[in-house]
Amino acid sequence: MNIFLAETIGMAILILLGTGCVAQVLLKDSKGSTGVLSSGSGWLVIVFGWGFAVTFGVYAVAWASGAHLNPAVTIALAILGKVPMEKLPLYFGGQMFGAMIGATLTWLAYLPHWEATQDPGLKLAVFSTGPGIRNMAGNVICEIIGTVMLVLGILFLIDPNVQKATPIAGLTPLVIGFLVTACGLSLGGPTGFAINPARDLGPRIAHAILPIAGKGSSDWGYAMVPVIGPCIGGVIAAFIYQACWL
């Protein structure tokens, strides 16, 4: 399986299960609906749902592409010389295409519920992240910090020395899923923790082009925050990791 196809499949799984858990919580008349994103129980479902979504996406295609499933991870690995520059378009393209496919499948799975849900903001929240308090500088900083924690954690987990020292080889995707969950529980409140440019941008594009009943704006004014922040976070994580081995 080539890199583009593997990243497409892994990302489609990740986004389907991730946005699907958000849809379950937010859309009207879903069996799991709370209707309010800030509900304590609803937020726990969403955070753990995304963690498990990442776990199964990684398990599915780790053997084929390394299962980056996140441009910030790919950027960090490229800086560290672990991914040839000529392969970056395959990773980025597969991640974006897979994210759009996964979001489209979520739309289809919850097809009767879009019209039943009156609030267009809840519909957008199924697809993309948004801030609790809109402050672009603060929102970017939060995304940078969250992504540094995620990517740096992944770099340490896949480090050969760590793999040798701890019995986690086959459990690495599960541990990465727990890491995503920890990021959501600790740092998800301000921005909804995109910590992955493709995770936000791909579904946001899908929201813009799909015939979603009663949808509103795709909030393009905010869209660069969950792209710029995680990209910067990936770069910083790579340099921190590199400095640890100097």
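Summary of the structure given here. (Residues numbered from 1 in each chain as written. Predicted model: local features only at pLDDT ≥ 70, side-chain atom pairs only at ≥ 80, totals over all residues. Heavy atoms only, no water.)

## Some thoughts on the environment of Phe52
Item 1. Within the secondary structure, Phe52 is located in helix α2 (residues 40-65).
Item 2. Using a relative accessible area of 38% as the deciding quantity, one classes Phe52 as partly exposed.
Item 3. In the structure, Phe52 is positioned 125 residues away from Gly177 in sequence and 5.6 Å away in space, judged by C-alpha atoms. (Helix = DSSP H or I, 4+ residues; strand = E, 2+ residues; numbered from the N terminus. Buried < 20%, exposed > 50% of the residue type's maximum accessible area, 1.4 Å probe, protein only.)

## Regarding the packing of helix α10 (residues 197-209) against helix α11 (residues 225-244)
Two quantities define a packed helix pair, namely the angle between the helix axes and the distance between the axes.
Item 1. Close contact between α10 and α11 brings their axes to 8 Å; oriented N to C, the two are set at 160°. By the angle between their axes, α10 is roughly antiparallel relative to α11. For the crossing formed where α10 meets α11, the hand is left-handed. Contacts between α10 and α11 involve Pro197, Asp200, Leu201 and Arg204 from the former and Pro226, Val227, Pro230 and Cys231 from the latter. (Axes fitted to C-alpha atoms, helices over the stretch in contact; angles between N-to-C directions. Parallel < 35°, antiparallel > 145°, perpendicular 65-115°, else oblique. Left-handed = near helix turned anticlockwise from the far one by under 90°. Contact = heavy atoms within 4.5 Å.)

## Section: the pattern of salt bridges
Item 1. Evaluation of the coordinates by the stated rule reveals three salt bridges.
Item 2. The partner of Asp29 in a salt bridge is Lys28, and the shortest N-O contact between them spans 3.4 Å. (Salt bridge = Lys/Arg side-chain N within 4 Å of Asp/Glu carboxyl O.)

## Quick look at the packing of helix α3 (residues 71-79) against helix α7 (residues 136-158)
Item 1. Two numbers describe how α3 lies on α7: the axes approach to 10 Å, and their chain directions differ by 55°. With respect to their mutual orientation, α3 and α7 come out oblique. Like other packed secondary-structure pairs, α3 and α7 cross with a definite hand, here right-handed. The residues of α7 that touch α3, namely those facing Ala72, Val73, Ala76 and Leu77, are Thr147, Val151, Ile154, Leu155 and Ile158.
Item 2. Of the residues belonging to the contact of α3 with α7, the class tally is eight nonpolar, one polar and no charged. (Nonpolar A, V, L, I, M, F, W, Y, C, P; charged D, E, K, R; others polar.)

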